[in-house]
Amino acid sequence: MDTRLTIDEGNSSTKAALWHGDVMAAVRSYASLDAALADLAASCGCRADALIFCSVCRRDSDELRARLAPLARRVMVLSASMPLPLEITYRTPATLGADRIAAAVGAATIHPGRTCLVVDMGTAITYDVVSADGRYLGGNIAPGIFVRLEALEHFTSALPLVETDGDVPRWGYDTETALRAGAIRGVVGELQYYRHCLSTDAAVVLTGGSADLITDLITTPVTVEPNLVLIGLNRIINYNEEI
């Protein structure tokens, strides 16, 4: 059975998974891409058959491929221009984040034949829509929960910076809970509004480092998948090997 590596570089961390075919054998999270590549080079033992990489950062493609080449016999860097199992209908596909593409493919893999709202809660929150017939229709980008709290502290003269840990009442009973609930419950409201805009049988797939801050507050049924981007990346490897 072939071995694959999928690497997802985000704004605040990098995740990597080792696959045996379609089975995820191991997944790790790292503070940086440098830390991930160093650990993978030391721990893999031999080169994988295939590797695919996606990032929210803009990187020199040639330099990146040179750094990834020792890890696998075949190296792919995800972009909207490569063969994909989804049709991209975004008006400017070259500007579409690779992580959003991979998450959309991951959602379509988990819920084939269903319209999906894909919600990735990181430094930014992305809301993307995949149609039941396999088309990426577009989406929106909003500030993440931490960014909202930091912006309120930075752009006002009296509001403090509060942590996300703590009580999240429906209505804040002091400044701290008002800020926390405003940021966290505001995201819940966004998500449920976007879900309301879709067909009644649409699936909601939630991922990202801040997902656990809202899961207990959502009344909409959701699929929570922390490794959604990695699942999508592995599906893209499969698709490129099939064509």
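Data block above holds the structure.
Note that the structure is predicted; figures quoted are calculated from it, not measured.

Right, let's get into the pairing of strand β5 (residues 72-77). Where strand β4 (residues 48-55) meets β5, five bridges bridge the pair, whose relative direction is parallel. Its bridge partner being in β5, A50 is matched across the sheet by R74. Traced from β4 through helix α2 (residues 61-68) to β5, the parallel crossover comes out right-handed.

Strands sit in the order β3-β2-β1-β4-β5 across an open sheet of five strands; the sheet is mixed. In this open sheet, the two edge strands, each paired with only one partner strand, are β3 (23-30) and β5. Looking at each pair of strands side by side, their axes are set apart by 15° on average, direction ignored. Relative to β3, strand β2 (residues 14-20) runs antiparallel, the two being bridged by seven bridges. Directly across from A16, in β3, lies its bridge partner R28. The strands touched by α2 within the sheet are β1 (3-9), β4 and β5, with β5 carrying the most contacts at an inclination of about 150°.

What follows deals with the pattern of salt bridges. For the coordinates displayed, the defined rule picks out ten salt bridges. R67 serves as the salt-bridge partner of D34, at 2.5 Å between the closest nitrogen and oxygen. With a gap of 33 residues between them, D34 in helix α1 (residues 33-43) and R67 in helix α2 connect regions that are remote in the sequence. Between D133 and R135 there is a salt bridge, with its nearest N and O atoms 3.2 Å apart. Its relative accessible area of 56% is what places D133 among the exposed residues. R135 gets classed as partly exposed once you look at its relative accessible area, which sits at 30%.

On to the sheet that holds strand β9 (residues 135-143). Strand order in this open sheet of six strands is β6-β9-β8-β7-β10-β11, and the pairing throughout is mixed. Each edge of the open sheet carries a strand with a single partner, namely β6 (87-88) and β11 (223-224). The pairing of strand β8 (residues 124-130) with β9 spans seven bridges and is antiparallel. When the bridges of β9 are listed, Y127 appears paired with N140.

Let us now look at the side chain of T6. You can see T6 is positioned in strand β1. Owing to a relative accessible area of 0%, T6 belongs among the buried residues under this scheme. A polar contact of 2.9 Å, which involves the side chain of T6, links it to the side chain of W19. T6 has contacts with K15, A16, A17, W19, I52, L230, L233, N234 and I237, leaving out every residue within four places of it along the chain.

In terms of nonpolar packing, the biggest core is built from 32 residues, with I52, L78 and L233 touching the most fellow members. Where this core is concerned, the elements lending two or more residues are β2, β4, α3 (98-110), β7 (116-121), β10 (203-207) and α6 (228-242). Discounting residues that sit within four places of it in the chain, L233 has contacts with T6, I7, D8, I52, C54, L78 and A102. Formed by 24 residues, the second largest nonpolar core is a distinct cluster that contains V119, V162, V188 and V204.

Now for the packing of aromatic side chains. All chains considered together, the criterion is met by three aromatic pairs. A network of ring pairs unites the aromatic residues Y127, Y193 and Y194 as a single cluster.

All right, on to the packing of α1 against α2 then. For the pair α1 and α2, interaxial distance at closest approach is 11 Å and the crossing angle is 30°. By the criterion of interaxial angle, the relationship of α1 to α2 is roughly parallel. Across the interface between the two elements, L33, D34 and L37 from α1 touch L64, R67 and L68 from α2. Grouping the constituent residues of the contact of α1 with α2 by class yields four nonpolar, no polar and two charged.

Cut-offs applied
Residues numbered from 1 in each chain as written. Predicted model: local features only at pLDDT ≥ 70, side-chain atom pairs only at ≥ 80, totals over all residues. Heavy atoms only, no water. Pairing = 2+ DSSP bridges. Helix = DSSP H or I, 4+ residues; strand = E, 2+ residues; numbered from the N terminus. Right-handed = clockwise from strand over helix to strand, strands pointing away. Axes fitted to C-alpha atoms, helices over the stretch in contact; angles between N-to-C directions. Contact = heavy atoms within 4.5 Å. Salt bridge = Lys/Arg side-chain N within 4 Å of Asp/Glu carboxyl O. Buried < 20%, exposed > 50% of the residue type's maximum accessible area, 1.4 Å probe, protein only. Polar contact = N/O pair within 3.5 Å; in protein donor to acceptor, adjacent residues only side chain to side chain. Core = buried A, V, L, I, M, F, W, Y, C linked by side-chain atoms within 4.5 Å. Phe/Tyr/Trp six-rings, centres within 6.5 Å; stacked < 30°, edge-to-face > 60°. Parallel < 35°, antiparallel > 145°, perpendicular 65-115°, else oblique. Nonpolar A, V, L, I, M, F, W, Y, C, P; charged D, E, K, R; others polar.

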